[in-house]
Amino acid sequence: MSRNKISAYLYLALIHRQTGYPGLALAMLEQAYSVDPNDPDVCGFLAECLEDEKDYDGALKIYGELAGLEPSNKNAVWRLAIISEKKGDTETALKHLKKVLELDPKDADAYNFIAYTYAEKGTNLEEALALAKKALDIDSKNAAYLDSMGWIYYRKGMLDEAMGFMRKSLEAMKSSKQEDSVIYEHLGEICGRKGLRD
């Protein structure tokens with residue numbers, strides 16, 4: 001009986017969400033959660049909606065519960081990392097990302113996220129370089145990964161190497177037909193340091 005109730009709440013939540021009533025969707029999901037807080041489907045949907053509504057504390061709580069219910073749920077751990085980063089808790093984000101890599105050693109995005117975070121902080125640059133290389137070993141034409149390599153070299157003061165990777169990043173971005181303003185910003189800063197105008 002409780003499973004039927006939960007299914008009904010989930011269905012209604014989906015309809016409300018699709019028709020632009022996130023508050024009603026959340027109300028249905030909270031009802032489902034009250035019936036069974038250990039249901040992974042309920043936890044996943046509720047956490048997703050809470051994150052969409054920028055209730056990051058609520059989302060962290062439920063994603064944490066979901067990761068406890070399903071320790072191999074990589075998506076839940078990823079969301080914990082991203083929300084922690086949004087809240088400015090970089091150390092916790094990095095901890096979750098390392099857990100992602102335990103679950104999936106071929107997750108290139110996780111390698112890149114950690115590498116870029118270190119580069120932004122200006123710390124652990126040798127480790128950042130090794131992690132960025134792992135990301136590129138998995139996807140050698142990814143503009144964001146190439147940008148991270150360039151940015152790490154820039155942080156290390158190796159401007160020629162930085163410029164080489166930034167040019168590759170720019171080419172990869174143009175090939176993918178997806179604009180990324182961060183790549184232009186990094187390229188501009190490196191050019192400025194090198195005294196180049198173009």
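Chemist: Describe the overall build of the protein, and please don't skip the residues or the numbers.
Modeler: A count of helices and strands for the protein gives eleven helices and zero strands. Ordered by position from the N terminus, the helices and strands of the protein form the series α-α-α-α-α-α-α-α-α-α-α. The globule rule puts the C-alpha radius of gyration for 198 residues at 16 Å, and the 21 Å found for the protein is more than 25% above it. With respect to the principal axes defined by its C-alpha atoms, the protein has extents near 70 × 35 × 25 Å. Scored against the burial criterion, the 198 residues of the protein give a buried share of 43%. Split by element, the accessible area of the protein, about 10800 Å² in all, is 50% carbon and sulfur. For the protein, the distance from the average site of its 26 positive side-chain charges to the average site of its 33 negative ones is 4 Å.

Chemist: Describe the packing of helix H3 (residues 40-52) against helix H4 (residues 56-69), and please don't skip the residues or the numbers.
Modeler: Remark: H3 packs on H4, axes separated minimally by 8 Å, with the N-to-C direction vectors making an angle of 155°. Taken together, H3 and H4 sit at an angle that is classed as roughly antiparallel. The two elements H3 and H4 meet at a crossing, and its hand is left-handed. For the pair H3 and H4, the contacting residues are Pro40, Cys43, Gly44, Leu46, Ala47, Glu48, Leu50 and Glu51 in the first and Tyr56, Gly58, Ala59, Ile62, Tyr63, Leu66 and Leu69 in the second. Here the residues of the contact of H3 with H4 are counted per class, giving eleven nonpolar, two polar and two charged.

Chemist: Which residues make up the pattern of salt bridges, and what are the values?
Modeler: This model, assessed by the stated rule, comprises 13 salt bridges. Between Arg17 and Glu48 there is a salt bridge, with its nearest N and O atoms 2.8 Å apart. Of this pair, Arg17 sits in helix H1 (residues 2-18) while Glu48 sits in helix H3, placing them 31 residues apart in sequence. Three or more residues are tied together by salt bridges with common partners; here these are Arg17, Glu48 and Asp52.

Chemist: I'd like a rundown of the side chain of Asp147, residues and numbers included.
Modeler: Within the secondary structure, Asp147 sits in helix H9 (residues 143-155). For the buried Asp147, which has no salt bridge, the nearest side chain bearing the opposite charge is Arg155, at an N-O separation of 10 Å. If we skip the residues at most four places from it in the chain, Asp147 touches Tyr116, Met166, Ser169, Val182, Ile183 and His186.

Chemist: Tell me about the environment of Ser2, and name the residues and values.
Modeler: Relative to the assigned elements, Ser2 resides in helix H1. Separated by 30 residues in sequence, Ser2 and Ala32 have C-alpha atoms that sit 9.1 Å apart.

Chemist: I'd like to hear about the state of the cysteines, residue by residue, with values.
Modeler: Going through the model one piece at a time under the given rule, you end up with zero disulfides. Cys43 carries a free sulfur, and the closest cysteine sulfur to it, the one in Cys49, is 13 Å from it. The class of Cys43 is buried, set by a relative accessible area of 0%.

The rules we used
- Residues numbered from 1 in each chain as written.
- Predicted model: local features only at pLDDT ≥ 70, side-chain atom pairs only at ≥ 80, totals over all residues.
- Heavy atoms only, no water.
- Helix = DSSP H or I, 4+ residues; strand = E, 2+ residues; numbered from the N terminus.
- Rg over C-alpha atoms; globule rule 2.2 N^0.38 Å.
- Buried < 20%, exposed > 50% of the residue type's maximum accessible area, 1.4 Å probe, protein only.
- Areas by Shrake-Rupley, 256 points an atom, 1.4 Å probe, with all protein chains shown as cover.
- Lys, Arg positive; Asp, Glu negative; His and termini not counted.
- Charge placed at Lys NZ, Arg CZ, Asp CG, Glu CD.
- Axes fitted to C-alpha atoms, helices over the stretch in contact; angles between N-to-C directions.
- Parallel < 35°, antiparallel > 145°, perpendicular 65-115°, else oblique.
- Left-handed = near helix turned anticlockwise from the far one by under 90°.
- Contact = heavy atoms within 4.5 Å.
- Nonpolar A, V, L, I, M, F, W, Y, C, P; charged D, E, K, R; others polar.
- Salt bridge = Lys/Arg side-chain N within 4 Å of Asp/Glu carboxyl O.
- Disulfide = S-S within 2.5 Å.

Treat this as a map of the structure, not an account of what it does.
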